[in-house]
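# Notes for the structure review
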Amino acid sequence: MAGNDWINSYLEAILDVGPGIDGAKSSKSSSLLLRERGRFSPTRYFVEEVITGFDETDLHRSWVKAAAMRSPQERNTRLENMCWRIWNLARKKKQIEGEEAQRMAKRRLERERGRRDATADMSEDLSEGEKGDVVSDISAHGDSTRGRMPRISSVDAIEAWASQHKEKKLYIVLVSIHGLIRGENMELGRDSDTGGQVKYVVELARALGTMPGVYRVDLLTRQILAPDVDWTYGEPTEMLRPGSSDSFMHEIGESSGSFIVRIPFGPRDKYIPKEHLWPYIPEFVDGALNHILNMSKVLGEQIGGGQPVWPVAIHGHYADAGDSAALLSGSLNVPMLFTGHSLGRDKLEQLLKQGRQSREEINAMYKIMRRIEAEELSLDSSEIVITSTRQEIEQQWNLYDGFDVPLERKLRARIKRNVSCYGRYMPRMVIMTPGMEFNNIVVHDGDMDGDAEGNEESSASPDPPIWFEIMRFFTNPRKPMILALARPDPKKNITTLVKAFGECRPLRELANLTLVMGNRDAIDEMSSTNASVLTSVLKLIDKYDLYGQVAYPKHHKQSDVPDIYRLAAKTKGVFINPAFIEPFGLTLIEAAAYGLPIVATKNGGPVDIHRVLDNGLLVDPHDQQSISDALLKLVADKQLWARCRQNGLKNIHLFSWPEHCKTYLTRIAICRPRHPQWQSSNDLYENSDSDSPGNSLRDIHDISLNLKLSLDGEKNEESGSLDNALDSEDSMGDGKSKLESAVLTFSKGVVKATRKAGSSEKADQSGNASKSPMLRRRRHIFVIAIDSDSDTELIETIQKIIEAARTDKISGSIGFILSTALTVSEIHSLLVSGGMLATDFDAFICNSGSELYYPSSNSDGMLSPSELPFVVDLDYHSHIEYRWGSEGLRKTLVKWAASTVDRQGEKEEKNVTEDEKRSTNYCHAFEVKNPASVPPVKELRKMMRIQALRCHVLYSYNGTKLHVIPVLASRAQALRYLYIRWGVELSNMVVFVGESGNTDYEGLLGGVHKTIILSGVCSKKMQSQLHAIRSYPLEDVVPFDSPNLVQTTEGCDTNDIQMALGKLGILKG
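Residues numbered from 1 in each chain as written. Predicted model: local features only at pLDDT ≥ 70, side-chain atom pairs only at ≥ 80, totals over all residues. Heavy atoms only, no water.

### Here we look at the packing of aromatic side chains
What counts is decided by this rule: The rule is short: rings of Phe, Tyr and Trp, with Trp giving its six-membered ring, pair when the centres are within 6.5 Å, and they are stacked under 30 degrees, edge-to-face over 60, tilted in between. Each helix is a run of H or I in the DSSP string that is no shorter than four residues. Each strand is a run of E no shorter than two, and both are numbered from the N terminus. Exposure is judged per residue with a 1.4 Å probe applied to protein chains only, and the accessible area is read against the type maximum: over 50% gives exposed, under 20% gives buried, and values in between give partly exposed. We count a charge as sitting over a ring when the NZ of a lysine or the CZ of an arginine lies within 6 Å of the ring centre and within 35 degrees of the ring normal.
A complete count under the given rule lists 16 aromatic pairs for this structure. Each ring, one from Y200 and one from W657, has its centre 5.7 Å from the other, and the planes form 45°; the classification is tilted. Of the two residues, Y200 sits in helix 7 (residues 196–208) while W657 sits in helix 25 (residues 657–669), which places them 457 residues apart along the sequence. Across the pair, exposure class does not vary: Y200 and W657 are buried alike. Both rings, one in W678 and one in Y977, keep their centres 5.8 Å apart while their planes meet at 80°; by these two values the pair is edge-to-face. Of this pair, W678 sits in the loop between helix 25 and helix 26 (700–706) while Y977 sits in helix 34 (residues 971–982), and the two are 299 residues apart along the sequence. For the pair shown, W678 and Y977 are each scored as buried. Counting every residue linked through ring pairs, the aromatic cluster contains F782, F816, F841, F844, Y853, F870 and F992. In this arrangement the basic side chain of R345 is found over the ring face of Y400, its NZ or CZ atom lying 5.4 Å from the centre.

### With respect to the sheet that holds strand 4 (residues 257–263)
We count it as follows: Paired strands, as defined in this entry, are two strands with at least two bridges between them according to DSSP. Orientation is described by axes fitted as lines to C-alpha atoms, over the contacting stretch for helices, and by angles from 0 to 180 degrees between their N-to-C directions. Contacts are assigned to residue pairs that have any heavy atoms within 4.5 Å of one another.
Reading across from one edge, 3-4-2-1-5-6-7-8 is the order of the 8 strands in this open sheet, with mixed pairing throughout. Lying at the two open borders of the sheet, with one neighbouring strand each, are strand 3 (237–240) and strand 8 (428–431). Looking at each pair of strands side by side, their axes are set apart by 25° on average, direction ignored. Those strands touched by helix 8 (residues 281–303) are strand 1 (170–175), strand 2 (214–222), strand 4 and strand 5 (313–317), and its axis lies near 160° from that of strand 2.

### Structural notes on the confidence of the model for the protein
For clarity, the threshold we go by: pLDDT is a per-residue confidence score from the predictor, ranging from 0 to 100.
Overall, the prediction assigns the protein a mean pLDDT of 79, with 73% of residues at 70 or greater. Taken as a whole, residues 19–41 scores under 50 in pLDDT and shows 61 contacts with residues more than four places along the chain or in a different chain. Overall, residues 859–865 carries pLDDT values under 50, and its contacts beyond four positions in sequence, including any with other chains, amount to 11 contacts.

### Let's talk about the packing of helix 7 against helix 25
Rules: When describing relative orientation, an angle under 35 degrees is termed roughly parallel and one over 145 degrees roughly antiparallel, while 65 to 115 degrees is termed roughly perpendicular and anything else oblique. Residue polarity follows a fixed list, in which Ala, Val, Leu, Ile, Met, Phe, Trp, Tyr, Cys and Pro are nonpolar, Asp, Glu, Lys and Arg are charged, and the others, Gly among them, are polar.
It is at 10 Å that the axes of helix 7 and helix 25 come closest, and there the two elements cross at 80°. The pairing of helix 7 with helix 25 is recorded here as roughly perpendicular in orientation. Contacts between helix 7 and helix 25 pair Y200, E203, L204, A207 and L208 from the former with W657, H660, C661, Y664 and L665 from the latter. Looking at the contact of helix 7 with helix 25 residue by residue, the classes come out as 8 nonpolar, 1 polar and 1 charged.

### Some details on helix 19 (residues 528–543)
Keep this limit in mind: The span you would expect from a helix comes to 1.5 Å times its residue count less one.
With 16 residues, helix 19 extends 22 Å between its outermost C-alpha atoms, agreeing within 8% with the 22 Å of an ideal straight helix rising 1.5 Å per residue. Along helix 19, the residues that are buried comprise S528, T529, N530, A531, V533, L534, V537, L540 and I541. In the stretch just after helix 19, D545 is the one whose phi turns positive, near 55°.

### As for the pattern of salt bridges
Under the convention used in this document: Within this document, salt bridges are pairs made up of a side-chain nitrogen of Lys or Arg and a carboxyl oxygen of Asp or Glu, the two lying within 4 Å of each other.
Within this structure, the stated rule accounts for 41 salt bridges. Notably, a salt bridge pairs E509 with R505, separated by 3.1 Å at the nearest N-O pair. With E509 and R505 both in helix 18 (residues 505–510) and 4 residues apart, the pair spans about one turn of that helix. An identical accessibility class is assigned to E509 and R505; each is exposed. For E939, the salt bridge goes to K942, with nearest N and O atoms at 3.9 Å. Here E939 pairs with K942, and both are found in helix 33 (residues 937–946), just 3 residues apart, close to one helical turn. Several salt bridges share partner residues, and in doing so they unite E373, D380, R941, R945 and R950 into one network.

### Points about the packing of helix 9 (residues 318–332) against helix 12 (residues 368–381)
This is how it is decided: In this scheme, a crossing is called left-handed if the near helix is turned counterclockwise away from the far one by less than a right angle; it is called right-handed if the turn is clockwise.
For the pair helix 9 and helix 12, interaxial distance at closest approach is 8 Å and the crossing angle is 45°. Classified by the angle their axes make, helix 9 and helix 12 are oblique. Helix-helix and strand crossings are classified by hand; for helix 9 and helix 12 the assignment is left-handed. Contact residues: Y318, A319, G322, D323 and A326 in helix 9; R370, R371, A374, E375, L377, S378 and S381 in helix 12. The class makeup of the residues in the contact of helix 9 with helix 12 is 5 nonpolar, 3 polar and 4 charged.

### Topic: helix 14 (residues 405–416)
For clarity, the cut-off: As used in this structure description, the phrase polar contact means that two N or O atoms lie within 3.5 Å; if the pair is within protein, one of them must be able to donate a hydrogen and the other to accept it, and residues adjacent in sequence are counted only when both atoms belong to side chains.
Taking 1.5 Å per residue, 12 residues should reach 16 Å; helix 14 reaches 16 Å between its end C-alpha atoms and fits that length. Across the 12 residues of helix 14, 9 count as buried, placing the element largely inside the fold. Every buried residue of helix 14 is listed here: V405, L407, E408, K410, L411, R412, A413, R414 and I415. A side-chain oxygen of the first residue of helix 14 lies 3.1 Å from the backbone nitrogen of L407; this N-cap is D404. Of the residues flanking the end of helix 14, it is N418, one or two places downstream, whose phi is positive at about 60°.

### Structural notes on the sheet that holds strand 23 (residues 912–914)
Ordered in space as 23-24-26-25, the 4 strands form an open sheet in which the pairing is antiparallel. For this open sheet the edge positions go to strand 23 and strand 25 (952–956), each flanked by a neighbour on one side alone. If you compare each strand with its neighbour and ignore which way they point, the axes differ by 25° on average. Across 5 bridges, the pairing between strand 25 and strand 26 (residues 961–965) is antiparallel.

### Topic: the environment of F259
Here F259 is to be found in strand 4. The sequence separation of F259 and T237 amounts to 22 residues, and the corresponding C-alpha distance is 6.7 Å. Ignoring anything within four residues of it in the chain, the contact list for F259 reads R216, V217, D218, L219, T237, E238, M239 and L240.

### Comments concerning unusual backbone geometry
A positive phi is found at Y422, a non-glycine position, where the angle reads about 55°. Here Y422 lies in the loop between helix 14 and strand 8. Residues other than glycine seldom take positive phi values, yet K572 does so here, at roughly 60°. With respect to the helices and strands, the residue K572 is situated in the loop between helix 20 (561–570) and strand 12 (574–577).

### So, the pairing of strand 18 (residues 843–846)
Condition: Looking down the strands as they point away from the viewer, one classifies a crossover as right-handed if the path from the first strand across the helix to the second runs clockwise.
Neither face of strand 18 is left uncovered, since the one carrying A843 and I845 and the one carrying F844 and C846 both have all their residues buried. This β-α-β element, strand 17 (residues 814–819) to helix 30 (residues 824–833) to strand 18, shows right-handed connectivity. Direction of pairing for strand 18 relative to strand 19 (residues 851–855): antiparallel, over a ladder of 3 bridges. Within strand 19, the residue paired with I845 across the bridge is L852. If you look at the hairpin formed by strand 18 and strand 19, you'll find 4 residues sitting between the two strands, and N847 has a positive phi there, around 50°.

What follows is the structure in structure tokens.
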């Protein structure tokens, strides 16, 4: 019953505080969760103590007792109601913990099964050495260590390294889209989005821009014109001034250096938190793509000999920028790097372990599932994932479907032995500690007495004000100072440090303790968690009578932190980080730079820092005695203190920005170079004015180099096997001549399409149609992306859209693109049945975005009836083939399809079968007989990722068709490819979609293009099953408030479509 006495006491305390729990529950913004927001609430504190500290049985017993003592008094009634509600909260917490335990058990089984299946697929040539080897850092995507540059670990090697790289002209793009980012006077700590990451990315961009071989660095972020933030965040471009410590001098060009480039996206006049940025990421990607293309052209003119200079890498920071970088990397076909900074799955696990919120509540608050999917996509797309510590790899990234340490080691071993991985890939995890700026750090020798006696300049330069704020707490300020600098957060373990200090008499007699725990005005105004920790610290100071021995200043500035380190070093003190788990430990490096020995937790990043610096001791943060012994040993042993101090100062350069950047550039150098490249040497940007009827990208003879005829189901990767795509009765020689004829006919087809589009351009087009696809010269492009499972409905909708475009109120010519999950032969049949020609369209995006075709013509009789009037863009295939598992992926899918059995009584029937007729080299197609019994897309993606297979899985035709295509291929990405390839402005595109669609539907709604949702087409009821089991609601990823997105009012007849075009400003009034 002792537990009940405590419960009763807490309940009485809650009643004494006043009405708090009712208000807390009724307010949506207030929660029983003790999180880092809001003011301190005693009610929440006591409720938290009851829920987390006592058994459900004791809580139920208290409620029964309160119910038995019911009386008309208001206090007793409130006590009974409160007991019942808290008991139910405890039951809910227990239920959530149980569900989470089951989920984790299921996840472990899935991971083990996936690992076993992947190993089994590779078992025929798996050697004994592969089964348990821990191989050195080998790329898990095909690169070997041969040719790698060694890590530079000596200052003496800097000049040699610089001379080797000064001739390079690299262009690097960094992406960090949330928070307030500027180069000077950073507002760190203004909000949760403007913290250490902002400082890191700005300093990284600044440091990279000064390195030999790096010509330009762009840090892409969001442009903010909100009235509640400074005007500098609305400047389109800001140049980062090099730091004074930059030792590398290289040629300065017109556009060289480091820049912050702010891309406008989302609400222009609002500064919004990162959780609400997700719907606007496609708009950012399109804007960033435009900047990179323009800059590549400019750099090409300056340093590229007229050829575009593409980014050597695109580096995303945090999940939102990782998602953006993946789309940019896929659009440009350049390598991607990713740094998570903070990981969503780790945060979700921690919140679920607390048991105070359900998964749904956490997702509603933090959009955590959207964040996790972005991090999974970043794993799919990245060549390199940069981490700070080994703990981040083994304990945090290992939570993800797309990364598994044992499977990664097996893949490394196979690559080292030049054995096939059957289409499986893992990103390379690289531990790379953040850099620091050391140029402003001045290390002083001698203690405080020596300085006072021997330094005559000391009187001329008074002590910093923060010294007085700290020293006024001490009876004897000359004693060595034990310094802890951390937020008053339970994870930082400050209370254990105070206990260790208070209970060790020798340590108390020898040293003082300084606790710099953020800034505060009043404890009651602090967050609940912080106030609780600070209150506990004050109670411990009183318990051990530590007055005059412990300092806990209320305020300090960011600029005061170096002075605090200097004060601790002058007293021959020690810096301590006793956190339970420290992901990295930047303060440990800062302390070492000022000559402070360290005592740090042995959990997490400090282990790696200590291995390099060797300037202190590691302790178990749960062992109070270990903490006090380590502190006493370092303070009391002057020789050990001096040795740790010297080791730190000697090795600290390894954490400098130049060292970090050398390692960074070395890692980039071993990535396989990728960039947009066409099978033509002509300048991509020649005559870039898209409105000019005479501009062109290349001559039609150049097009013939990369376009060839294709039939559905074509499996031949070599262009020389064209005869397999032609009619079987034709010879190879005939096939070659037909290819040439088809390409020559292509220009004629373009001329015919031009005549159908309008008469205003006839004179110009007749002379220039043979020089580039008509896409290049259209004023507007109408993209028809209707996902109807009825051919009749699709044909009618296409005809209505074309009819709506035939009006004098639209200036300039209009081109049409058909974007669908159909194969090209199915498109041909559709056009024939609808009485349309291939030349009515400028391009066809087929197989859910894995194939891209242009119209040809068979009107001259050059093609037999069995051949199709289309030419395929082979450059698009090379653009999307990154990490495409091909045959290895297909075998896994076929095996999975064989296991999907639909049981009806004693009869078993395969539910998923391979559709060989619809499959191509870049699209594995399957038929689904019963969509209700197959797993949703998110489960299929998880299954593929667990086995290290990178692909894009989607359902179409109301779930009856399954397509598996390259991971960065999609219908939306195909539009971006057309922009890069042919200069088709995305802002001139209008995408027509239905009320719902295939599982890639959401990707078509965002971006700088216009979108028209046709009411009544592909009704949500028809497609509800495809989207019923989403990881996150559609509102989290689609900007329904965007002015670029409109919906027809009632139907989708010609007038409705024209009204929608008028709202978008395309149709003139």
